[in-house]
Every structure is written in structure tokens, then in C-alpha cells.
Amino acid sequence: MISLKGKTFVVMGVANFRSIAWGIAQSLHTAGANLIFTYANERLEKGVRELADSLENPNTILVQCDVTSDEDLAKCFASIKEQVGSIHGVAHCIAFANKEDLKGEFVDTSRAGYLLSQDVSAYSLVAVAREAKAVMAEGGSIVTLTYLGGERVMQNYNLMGVSKAALEASVRYLANDLGKYNIRVNSISAGPIRTLSAKGVGDFNTILKEIEEKAPLRRNVTQEEVGDSAVFLFSDLSRGITGENLHVDSGYHIMG
Ligand code: KAL
């Protein structure tokens, strides 16, 4: 197993125990890393605290951070710097789109809905990377989460697909900017997992079933698998990789 002992990682976007962010946190914890969790608002704080406390030998820090606020972002990373000095990576696991924009046709997307989704789901990575750079004295690794709908049209993913396309392009431009500081930026394109984001998606079972039938591995992926791949991207084993989109999807993306 890869050891990340003595290294500190910020995990943004844990909503509950089903979150991919939580899968990443658990894998990082198993690798011996120190963890800092950020939560968007008070409503989410209690759940994140309970999860953080459930980790064996918890040595974790929680910081509030609404990524749509430049002030919050600055305060959050200043507080992190004050508490730990420097960090070695950030897991950015944050996305949002209004429910009403995730059905019907993309052509009907409102300006406000489009901008909100871009702000939370794509621009936030740029802002986080800028703040994180100031706290990554020894270089580092930034990992964000995307989905195949950023590369192709997937039913109902609509404006989130466009936000993920912007996120994936941002990964490449950020990788180019931050490479000279030995900061790597990559994304993981996870197969469908039943998280809070997927809640209320009527045909989610159909989506999962299609993966079981068509993906090379003939099964769906788990939070743990995404978490372990993130640990690889955070570790020195991936030191030659940046600007990459790693598909952790049972191979589904290669199928026509
Ligand atoms: C094709 C798929 C089916 C699902 C379609 C759209 C999924 C969009 C993801 C987006 C992030 C979901 C939301 O923003 C939901 C939001 O409107 C309501 N939920 C919330 O506000 C909850 C409480 C909070 C915690 O959620 C967020 N996001 O803040 C895509 C599937 C197969 C794969 C998925 C689920 C991909 C993905 O991007 O999550």
C-alpha cells in the first residue's frame, strides 16, 4: 500500500457516507495521511464532523468554505496555512446544478442556472487551485471529479455535462500553469455511483444496469475504487502525470 504518512490533504465536498469525497478521505486515511475537511455551510457541518470523528485515531481539521465566495476561500486557506503550515494535495469533489435544469432539454437551460452550475462546478476549481498553490510549498497534487457526460451527451446530464467539460479543460490549463511549481492537476472520471448527487434521478438503476451489461469489467465501481485511484494521483507513484483525466469506470468509456 502507498504511504502518505506525514502528508496533509484537503478534502472538499463530503456530504454523507456515500460521497465519493468520503471514499477518497477513507483511502487517504488508510494511506496514513492527515486530513482537513471543508464543508459549505452549517447544515453540512455536523455530518462531516461525525464522519471525521469516525476515523480511527482522528487527527483531522474542519474548515467552513463556500466555494462561491472568494472571501470564504481566502479565509479557509489562510486558516489551513495557520493550522498546518503546508499541504500536499486537494480533493475537489464539488458540483451543483438546479434540479429543474437536470431534466428536459439542455436548450431550455436558463442563464442563471447555467452560470450557477459553472460557478460551483468548474470555476471553483480555478479559485481553489489558486488558493492551494499558496499553501503547497513543497509542490502538490490536485484531484477533481468529473463524469463521462463532460465528454459526450448523456441523457439528463445537460448543463452539468457542459460544466464538466469546462472543468476538464480547466484541469489542463491549470496543469500547465502550476507544473512549474511541481503542482499536478488531474481529474477522475468516475462511473455512476449512488451518491446524494444522484438522488432523485429516476432512471439511475437503468444507468447502473447498462454499466453491468456493457462495461468491460461488467460491474459498477465503488467509492473505495475511486478513493484508491485518487491516492495514486496524490502519491509520488503518479509523479509523471498531470493534466490527465483518469477514467475509473470499469472501462465503460472505451465502448462505442
Ligand atoms: C446522467 C446522470 C444522471 C443524473 C443527472 C444529473 C446529475 C447531476 C449532478 C449534480 C451535481 C446534482 C445536483 O446538483 C443535485 C441538486 O440539484 C440537488 N441536490 C442537492 O442539493 C444535494 C442536497 C447536494 C448535496 O448535492 C449537491 N450536488 O450539492 C449522471 C449520473 C449517472 C452520475 C452522477 C450522479 C454524476 C455527478 O456529476 O454527480
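- Going by what an unreviewed UniProt entry lists, the chain is known as Enoyl-[acyl-carrier-protein] reductase [NADH] and is assigned to Gottfriedia solisilvae.
- The UniProt entry for the chain carries the following text under Pathway (unreviewed entry): "Lipid metabolism; fatty acid biosynthesis."

1. Some points on the UniProt feature "binding site: substrate" (unreviewed entry) in the chain
(1) Moving on: Feature annotation in UniProt places "binding site: substrate" (unreviewed entry) on Ala97, given in this structure's numbering.
(2) Moving on: Residue placement: Ala97 occurs in the loop between strand E4 (89–92) and helix H4 (111–133).
(3) Moving on: The residues touching Ala97, leaving out its near neighbours within four places in the chain, are Leu102, Ser117, Leu159 and Met160.

2. Points about the sheet that holds strand E3 (residues 61–64)
(1) Moving on: Spatial ordering of the open sheet is given by E3-E2-E1-E4-E5-E6-E7, a layout of 7 strands whose pairing is parallel. Pairing within the sheet leaves two strands with one partner each, and these edge strands are E3 and strand E7 (245–248). Strand-to-strand twist across the sheet, computed as the mean angle between neighbouring axes with direction ignored, equals 20 degrees.
(2) Moving on: In the packing of helix H2 (residues 42–54) onto the sheet, the strands contacted are strand E2 (34–39) and E3, and the crossing angle to E2 comes to about 165 degrees.

3. Thoughts on the site of the ligand
(1) Moving on: Near the ligand lie 18 residues; those nearest to it are Ala95, Ala97, Tyr157, Leu196 and Ser197.
(2) Moving on: Backbone polar atom of Lys99 to an oxygen atom of the ligand: 3.5 Å apart, as the coordinates give it.
(3) Moving on: Put simply, the parts of the chain that give the shell around the ligand at least two residues each are helix H5 (158–178) and helix H6 (204–214).

The rules behind the values
All residue numbers refer to positions counted from 1 along the written sequence of the respective chain. With the structure being a predicted model, the display of local features is reserved for residues of pLDDT at least 70 and the display and counting of side-chain atom pairs for 80 or more, all residues being used for whole-chain, interface and lining totals. As a rule here, side-chain values cover all heavy atoms of the structure and leave hydrogens and water aside. UniProt positions are given in the numbering used here, feature names are shortened, and annotations may be inferred rather than shown by experiment. Secondary structure elements are taken from DSSP: a helix is a run of H or I of four residues or more, a strand is a run of E of two residues or more, and numbering for both begins at the N terminus. Whether two residues touch is decided by their heavy atoms; if any such pair falls within 4.5 Å, the residues are in contact. Here, any two strands with at least 2 DSSP bridges between them count as paired. Interaxial angles span 0 to 180 degrees and are taken between N-to-C directions of axes, which are lines fitted to C-alpha atoms, for helices over the stretch in contact. Put simply, a residue is near a molecule or strand once any heavy atom of it comes within 4 Å of that molecule or strand. Polar contact criterion, stated in full: a pair of N or O atoms within 3.5 Å, where within protein one must be able to donate a hydrogen and the other to accept it, and residues adjacent in sequence count only if both atoms are side-chain atoms.

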